[in-house]
Amino acid sequence: MLVGSARALPRLSAVHVVRNRTGAAFAGTRGLVLLDGRVGEGGGQTVRTALTLSVVTGKPFRIEHIRANRVVGGLGEQHLTCVRASEQICSANARGAQVGSKTLEFYPRDPIAGKYEFSVSTAGSAVLVCQTVLPALMCLDRPSLLTFRGGTHNPMAPTFDFLQNSYLPMLRLLGPQCQALLQRPGFFPAGGGRFHVRLKPTPKENLKFLELVDRGKVLRKEVVCLFAGHGFRYAQDQVRELTEALDWREVGVYLDEWESNSPGMVLTASIVSENVTECFTSLAKPRKVHMSSQVATLCKRIREYLASDGLVSEYLADQMLLPMALGRGGEFTCTQITPHLRTQMYVIEKFIPVEFATEKLEDKSAWSVLVSI
């Protein structure tokens, strides 16, 4: 006798049936994609990527040892919001979806485009939630309007500026058209930020093969200081320190003052080239008066990128990999191969038939990444 259904999750110890979208049944855990959260960088990226791929492919998964390589392991509020958001867009069932859980099972159904709102109850990154659901919706039959609430400018996460100026333009090269609008920034510890994303999808068969190996000529450089609860002159000082340290004499400078639930400041230096825009950000630490150490670190990252021949930095590289794998594949160059990138490859290969190849380019200061479908 078969126990359980697609709507009510069975107990792990029971014999159960998992049905995919074609109606095929799998007994026990044989139908589950099995993931080990200790592999690679061992953070929340494994969970987020698995959620996206599960929604797109219809394959349920089980992940154990979630965030095993972090000081505080298990699901955090932001990761839980990613799970709930993924549940919402495809009426999925999840087992183990609670803060602190180190094991998660996720059973998707068909995703549905529409108007959604997702909120991280803490200052956790709403941008990471966006990057979880957006690729899952980019090939559906109608547009989506998405609202995200929570942290928009977080340490150890892509900022809204990076999303708007680096990530979304890359996604648009594949075919989907997407625009983002910031309504209110959210800084640690209160969060409370809000932004919207409007998505016009592209059928999967119309997604483009991407060949991005050369960043091209640098067209312009920009520095933006977005701040709330700090004086205008202080913002000017941070921008001046950054531009002088980089010796950027021809640069667009923008001071962007907002209201926010918590004071905060983020410096974003953008290098706009013919084929890519790379954003480098640094956030002021809470209760810190000066940003000199952050500015020095930011300058180091920018110089390393400019000295390299890679199209994208290490951060944009691992975020490009998933949309390209969901499309027709492609090739790009990057400044380095990181554990995050290797972890992305590990998770993606568990869900879809794709091959990755990396090569250190001898004649250039860069790596080549090939995505073959």
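S.K.: It is not clear to me how the packing of helix α1 (residues 45–57) against helix α2 (residues 77–90) should be interpreted in this structure. Could you clarify?
M.R.: When two helices pack together, their arrangement is given by the angle between the helix axes and the distance between those axes. Two numbers describe how α1 lies on α2: the axes approach to 10 Å, and their chain directions differ by 5°. One element, α1, and the other, α2, form an angle in the roughly parallel class. Contact with α1, carried on its side by R48, L51 and V55, involves Q78, H79, C82, V83, S86, I89 and C90 of α2 and no other residues of that element. Of the residues contributing to the contact of α1 with α2, the split by class is 6 nonpolar, 3 polar and 1 charged.

S.K.: Can you walk me through the confidence of the model for the protein in this structure?
M.R.: One rule of thumb: low pLDDT means the predicted coordinates there are not for detailed reading. Across the protein, the average pLDDT comes to 89, with 90% of residues at or above 70. Confidence scores differ between elements of the protein, with strand β2 (residues 25–27) showing the lowest mean pLDDT of 36 and strand β10 (residues 193–200) the highest of 98. This model gives residues 1–28 a pLDDT under 50, and the stretch forms 46 contacts once residues within four places in sequence are excluded.

S.K.: It is not clear to me how empty space enclosed by the protein should be interpreted in this structure. Could you clarify?
M.R.: To find the voids left in a structure, one rolls a probe of water-molecule size over its atoms. Under the criterion given, the structure shown has 1 cavity of 30 Å³ or more. By volume, the largest cavity amounts to about 70 Å³. As for the largest cavity, its lining consists of Y167, M170, L171, L174, L210, L316, Q319, M320, P323 and M324. Elements with a minimum of two residues in the lining of the largest cavity: α4 (160–174) and α7 (314–326). Considering each element in turn, the lining of the largest cavity owes the most residues, 5 residues, to α7. Classifying every residue of the lining of the largest cavity by side-chain character gives 9 nonpolar, 1 polar and no charged.

S.K.: Can you walk me through the side chain of N154 in this structure?
M.R.: Along the chain, N154 falls in the loop between β8 (144–150) and α4. On the basis of relative accessible area, N154 is assigned to the buried category, the value being 9%. Engagement of the side chain of N154 in a polar contact is seen with the backbone oxygen of A123, the distance being 2.4 Å. With residues up to four places along the chain from it excluded, the contact list for N154 reads A123, G124, S125, G186 and L283.

S.K.: How should I be thinking about a negative patch on the surface in this particular structure?
M.R.: A grouping of D214, E274, D309, E359, E362 and D363 is seen on the molecular surface, where their side chains present a negatively charged patch. Following the sequence through the fold, E362 ends up in the loop between β17 (355–361) and β18 (366–372).

S.K.: What is the right way to look at the packing of aromatic side chains in this model?
M.R.: Two numbers describe a pair of aromatic rings. These are the distance of the centres and the angle of the planes. Per the stated rule, a full pass over the model turns up 8 aromatic pairs. Arranged with centres 6.2 Å apart and planes meeting at 75°, the rings of F61 and F351 form a pair that is edge-to-face. With F61 in strand β4 (residues 61–64) and F351 in helix α8 (residues 339–351), this residue pair connects regions lying 290 residues apart in the sequence. When its relative accessible area of 0% is taken as the criterion, F61 is described as buried. With centroids separated by 5.4 Å and ring planes inclined at 55°, the aromatic side chains of F280 and Y305 adopt a geometry described as tilted. Here Y305 lies in helix α6 (residues 292–307) and F280 lies in strand β15 (residues 277–283), a separation of 25 residues in the sequence. Each of the two residues, F280 as well as Y305, counts as buried. Each member of the aromatic cluster is reached from another via a ring pair, and the members are Y116, F118, F148, F160 and F195.

S.K.: Which parts of the structure should I look at to understand unusual backbone geometry?
M.R.: Glycine aside, residues mostly have negative phi, and peptide bonds are mostly found in the trans state. Cis peptide bonds are those with omega within 30 degrees of zero, and the linkage from F188 to P189 qualifies with 10°. Along the polypeptide, P189 turns up in the loop between β9 (177–184) and β10. Unusually for a residue other than glycine, D247 sits at a positive phi of about 55°. Within the secondary structure, D247 sits in the loop between α5 (232–246) and β13 (252–257). Classification of D247 as partly exposed rests on a relative accessible area of 48%.

Cut-off values and rules
Residues numbered from 1 in each chain as written. Predicted model: local features only at pLDDT ≥ 70, side-chain atom pairs only at ≥ 80, totals over all residues. Heavy atoms only, no water. Axes fitted to C-alpha atoms, helices over the stretch in contact; angles between N-to-C directions. Helix = DSSP H or I, 4+ residues; strand = E, 2+ residues; numbered from the N terminus. Parallel < 35°, antiparallel > 145°, perpendicular 65-115°, else oblique. Contact = heavy atoms within 4.5 Å. Nonpolar A, V, L, I, M, F, W, Y, C, P; charged D, E, K, R; others polar. pLDDT = per-residue confidence, 0-100. 1 Å grid on protein atoms, 1.4 Å probe; cavity = no way out; pocket = protein on both sides within 12 Å on 5 of 7 lines; lining within 4 Å. Points joined across faces, edges and corners; volume = space filled by probe spheres on them. Buried < 20%, exposed > 50% of the residue type's maximum accessible area, 1.4 Å probe, protein only. Polar contact = N/O pair within 3.5 Å; in protein donor to acceptor, adjacent residues only side chain to side chain. Patch = residues over 30% accessible without salt bridge, like charges linked within 9 Å, V, L, I, M, F, W, Y side chains within 5 Å. Areas by Shrake-Rupley, 256 points an atom, 1.4 Å probe, with all protein chains shown as cover. Salt bridge = Lys/Arg side-chain N within 4 Å of Asp/Glu carboxyl O. Lys, Arg positive; Asp, Glu negative; His and termini not counted. Charge placed at Lys NZ, Arg CZ, Asp CG, Glu CD. Phe/Tyr/Trp six-rings, centres within 6.5 Å; stacked < 30°, edge-to-face > 60°.

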